[in-house]
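One-letter residues, chain by chain:
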Amino acid sequence: MTNPTVPQAIPGRDALRIFVPNTSAARSQTVAAALAALGLQVDLARFGSNRLAQADLVLPLSREDMLVLATLHPEMIEGRALQPSLEVLRLCEDKEAFSRRLAELGFAANI
């Protein structure tokens, strides 16, 4: 019986391939070990690695990782990366623009 909370491998593969950027050694290794314990195949490497293109799922661990991924590898964002778009990342960095956007969405009383 499979655990429904654990992602399943792509048909024809032994395990789901997850790319974890190795930009923060302690955090990256901790996350990679936890995912491997679930039976998932984890590639721990830098963004320039060819293993990024082979991944089924990309798991950036920091804001900096998300910016690098969105800027240098935008093709990974759609469907393979667990992160917001570059537009959303930039919006969150600009407090005034973020406040305006919240007001536009009806949250002015909460700002």
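Residues numbered from 1 in each chain as written. Predicted model: local features only at pLDDT ≥ 70, side-chain atom pairs only at ≥ 80, totals over all residues. Heavy atoms only, no water.

**Here's the deal with the overall build of the chain**
Counting its regular elements, the chain contains six helices and three strands. Beginning at the N terminus, the succession of helices and strands in the chain can be written as β-α-β-α-β-α-α-α-α. Here the chain holds 111 residues, and the buried ones make up 33% of them. Partitioning the contacts of the chain with sequence separation of at least 6, the portion at a separation of at least 24 is 46%. (Helix = DSSP H or I, 4+ residues; strand = E, 2+ residues; numbered from the N terminus. Buried < 20%, exposed > 50% of the residue type's maximum accessible area, 1.4 Å probe, protein only. Contact = heavy atoms within 4.5 Å.)

**Points about the nonpolar core**
Grouped together as the largest cluster of nonpolar side chains are 14 residues, with contacts concentrated most on F19, L52, V58 and L69. The greatest single-element share of this core, amounting to four residues, is contributed by helix α3 (residues 63-72). Excluding residues within four positions of it along the chain, V58 makes contact with F19, L52, L69, R80, A81 and L82. (Core = buried A, V, L, I, M, F, W, Y, C linked by side-chain atoms within 4.5 Å.)

**Observations regarding the pairing of strand β1 (residues 17-21)**
The element β1 is extensively covered by neighbouring structure, given that four of its five residues are classed as buried. As paired strands, β1 and strand β2 (residues 41-45) are joined by five bridges and run parallel to one another. The residue of β2 that forms the bridge with R17 is Q41. (Pairing = 2+ DSSP bridges.)

**Thoughts on helix α6 (residues 95-104)**
Here α6 starts with a cap whose side-chain oxygen sits 3.2 Å from the backbone nitrogen of E96, and that cap is D94. G106 lies just past α6 and shows a positive phi near 95°. (Polar contact = N/O pair within 3.5 Å; in protein donor to acceptor, adjacent residues only side chain to side chain.)

**Some points on α3**
Listed as buried for α3 are D65, M66, L67, L69 and A70. Those residues of α3 hidden inside the fold are in contact with β1, α2 (51-54), β3 (57-58), α4 (77-80) and α5 (86-93).

**Points about the side chain of D43**
One can find D43 in strand β2. This buried residue, D43, is left without a salt bridge; R51 holds the nearest opposite charge, at 4.0 Å. Leaving out residues up to four positions away in the same chain, D43 has contacts with I18, F19, V20 and R51. (Lys, Arg positive; Asp, Glu negative; His and termini not counted. Salt bridge = Lys/Arg side-chain N within 4 Å of Asp/Glu carboxyl O.)

**A closer look at the pattern of salt bridges**
By the definition in use, this model includes four salt bridges. Close ionic contact of R63 with E64 constitutes a salt bridge, the shortest N to O distance being 3.0 Å. By relative accessible area, which is 42% here, R63 ends up partly exposed. Overall, E64 belongs to the partly exposed group, its relative accessible area being 47%. Between R63 and E93 there is a salt bridge whose closest N-O contact spans 2.7 Å. Taken together, the positions of R63 in helix α3 and E93 in helix α5 put the pair 30 residues apart, joining distant regions of the chain. Of the residues examined, E93 reaches a relative accessible area of 35% and is grouped as partly exposed.

Note that every value here comes from positions in space, so none of it alone points to a role or purpose.
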